[in-house]
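Below, each chain spelled out in residue letters.
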Amino acid sequence: MKAVTWQGVGRLGVESVPDPLLLRPDDVIVRTTLATVCGSDLHIYDGFIPTMQHGDIIGHEFMGEVVEVGPEVRHLEKGDRVVVPAVIACGACFFCKKELYSLCENTNPNAHAAEQVYGHSGAAIFGYSHLFGGYAGGFAEYVRVPHADVGPVKVPEGLSDEQVLFISDALPTGYQAALFAEIEPGDTVAVWGAGAVGLFSMKCAWLLGAGRVIAIDQDEQRLELARRHCQAETVNFRSLEHDGQTIVERLRDMTGGRGPDRCIDAVGMEAHGTGFGRLYDEIKTRLKLESDRPFALRQAIQACRKGGTVSVIGVYGGLIDKFNIGAAFNKGLTLRMGQLHAQRYVGMLLEKVSKGELDATFPITHRMSLEEAPRAFETFKNHHDGCCRVVLRP
Amino acid sequence: MREELKTRESSTNWASVASRIAAMALVGTAAYVLLRKPLARANAPVRLTRSITVMRPREEVYRFWRDLSNLPRFMEHLEKVTVLDDKRSRWVAKGPAEMRLEWEAEITQDRPGERLAWRSLPGSELPNWGVVHFQDLGPQRGTLVQLEMMYEPPAGHLGVTLAKLIGQNPEQQVANDLRRLQQVLETGHAATTEGQPVGKGQPAEQGRKVEGSST
Ligand SMILES: NC(=O)c1ccc[n+]([C@@H]2O[C@H](COP(=O)([O-])OP(=O)(O)OC[C@H]3O[C@@H](n4cnc5c(N)ncnc54)[C@H](O)[C@@H]3O)[C@@H](O)[C@H]2O)c1
Ligand SMILES: [Zn+2]
Ligand SMILES: [Zn+2]
């Protein structure tokens, strides 16, 4: 089959590899019908996620048709159309029983490595480095999906692939971001990052009772999506810089001096910075003295109103510098974060999509074939041609 | 293909992976160096302890372990344990290049549901003993499994075989074995990626070219 492989920083291969096999009796094989490049894939592409090996098949946001079924699978049959959550969870461990699926203890065969780095290991993620299990990912014609009764959700007839694809990752991630923000009715919610994840967290913030939503990014086309599809007020931090105002100041002005009640970091470790902080973190990450660049996170903490919540859904992988713990502490903030517990939200989100209560197609700006993955990554990474999300069809 | 994958997986040096990750920040590197335990000296008895929490009833966990023929399902280096009678069993451990270590063991203590101890019989190629405790942690908290093991690495040729067998990090080996026990009991199978497709560049380039390395 054809698959997209990691071949070093900024390099991808499109190659022929053997088809996947059922390796455990509760596996299924899915024939991929649609996949998308996520911001997390950029962290891999840019070399921010360690333990990638040349030849690893990448991709974690995908869907398809079940073509082979292990003997212990009870809920899926050949021919079912499914969306596959990015996170692989067993459904039986202490954490899965608490619906903390991304903390599953039983799916990462390299748990000892994650333990050395993080103290404990979380769940495996498709196509997301050996630290996260080393599972072959979804940018391939076929994918082996373990614990098939726990993850994949069947797609009802009448819904197109594009309508449900993001239920694999970006949509539940956005939902979790809004949920973790602990929104109370009428709250002002500020979201850093207007990529698909940020956009979906804006939509979900409304669902959870927000009174106002503010989007922060530097990409005017994405901010336009935020205005048009997420009823967000927008702040372009690049043009703010020209006005000589900081984001913290602008948000304070926009919220009667208080600051947003809830702040969501949907940017993560590769944030673009401004001013002195940018130079500082760029030098430090280049010298490997720091692994992540936390601009958005620092700003969210600084801007958040006292007693508010900062929900971190953008990915961090290692260590950060100049973490404004003093601001967080003295303002009595709550910080919540984590990989997405996909399995917990997929059913509910699929229902909302199928009832037409939630449109999850609007971030799609580009459609390409699997072979075009290298171009898709460049287009997505550089926001070429108004790109917000590319979908890949094998 | 499968053979190649196996070599690749087992040749992954996680200590070096961890150090590479740690090397992404000086602080991390320092912590790594501090935390790294010295390797056990050859021939000194090796004592290992580790515990894990399994979300299955204590009786069930005990029964699974009490049937010693189940041990190879989660102890990676055991090829086979044959139960000879109520007390005695024959153990076969596998090593690189078809090497085998064999011994007979007896159960020295059996408190059903609570505690199980065994030791190898005199004349063993690998003198060893072990004890495992099982304890309830309360509703929805699972069963605590505490394992203590000791073995005396033989001298000379066999010692070398054994070192290869167990690798340089026996603590990690025991931790992984218990993790697999948990996986088998909670989900029916240990997690694996062995045998999955992989593209070009492995294993030849592995170890030479991992990005994020900072040497
Ligand atoms: N927690 C999870 O489980 C999970 C799941 C999926 C994605 N993610 C993470 O969510 C983040 C967003 O994903 P995405 O697919 O939307 O990525 P994306 O790259 O499309 O979007 C990121 C956006 O952030 C903007 N940005 C950069 N620096 C900024 C700054 N300083 N302030 C404000 N905006 C800034 C960029 O212009 C871009 O529009 C990524 O870090 C991704 O890894 C996390
Ligand atoms: Zn993702
Ligand atoms: Zn689990």
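Everything quoted here is computed from the prediction, not taken from an experiment. (Residues numbered from 1 in each chain as written. Chains lettered and ligands numbered in written order. Predicted model: local features only at pLDDT ≥ 70, side-chain atom pairs only at ≥ 80, totals over all residues. Heavy atoms only, no water.)

**Brief notes about the pairing of strand β11 (residues 212-217) of chain A**
Residues and elements named next belong to chain A. The element β11 is extensively covered by neighbouring structure, given that five of its six residues are classed as buried. The sheet contact formed by strand β10 (residues 188-192) and β11 spans five bridges and is parallel. In the strand pairing of β11, valine 189 is matched with valine 213. As for the winding sense of the linkage, the β-α-β connection from β10 through helix α6 (residues 196-207) to β11 is right-handed. Two elements, β11 and strand β12 (residues 233-236), share four bridges in a ladder whose sense is parallel. Pairing of alanine 215 across the sheet is with threonine 234, part of β12. After leaving β11, the chain enters helix α7 (residues 220-230) and then returns to the sheet as β12, a path that is right-handed. (Buried < 20%, exposed > 50% of the residue type's maximum accessible area, 1.4 Å probe, protein only. Helix = DSSP H or I, 4+ residues; strand = E, 2+ residues; numbered from the N terminus. Pairing = 2+ DSSP bridges. Right-handed = clockwise from strand over helix to strand, strands pointing away.)

**Focus on the coordination of the zinc ion (ligand 2)**
All names here are of chain A. Within the protein, the atoms that donate to the zinc ion (ligand 2) are Cys38 (SG), His60 (NE2) and Asp169 (OD), at distances of 1.8 to 2.3 Å. All donors of the zinc ion (ligand 2) belong to a single chain; written as a sequence motif, their spacing is C-x21-H-x108-D. Taken together, the residues span a long stretch of sequence, with histidine 60 in the loop between α1 (39-45) and β4 (61-69) and aspartate 169 in the loop between α4 (161-164) and α5 (170-180) at a distance of 109 residues. One exposure class covers both histidine 60 and aspartate 169, and it is buried. (Donors = N, O, S within 2.8 Å, 3.2 Å for Na, K, Ca; no water.)

**Quick word on the pattern of salt bridges**
When the charged atoms of two side chains lie near each other, side chains of opposite charge can form a pair. Residues and elements named next belong to chain B. Counted according to the given criterion, the structure contains 39 salt bridges over all chains. Across the pair aspartate 86 and arginine 66 runs a salt bridge, and its minimum N-O distance is 3.4 Å. Placement of aspartate 86 in the loop between β2 (78-83) and β3 (88-94) and of arginine 66 in helix α4 (residues 58-66) is noted, with a sequence separation of 20 residues between them. Aspartate 86 sits in the exposed class, given a relative accessible area of 58%. What you see here is one network of salt bridges that share partners, running through Asp85, Arg88, Arg90, Glu102 and Glu104. (Salt bridge = Lys/Arg side-chain N within 4 Å of Asp/Glu carboxyl O.)

Coordinates in, geometry out; function isn't part of it.
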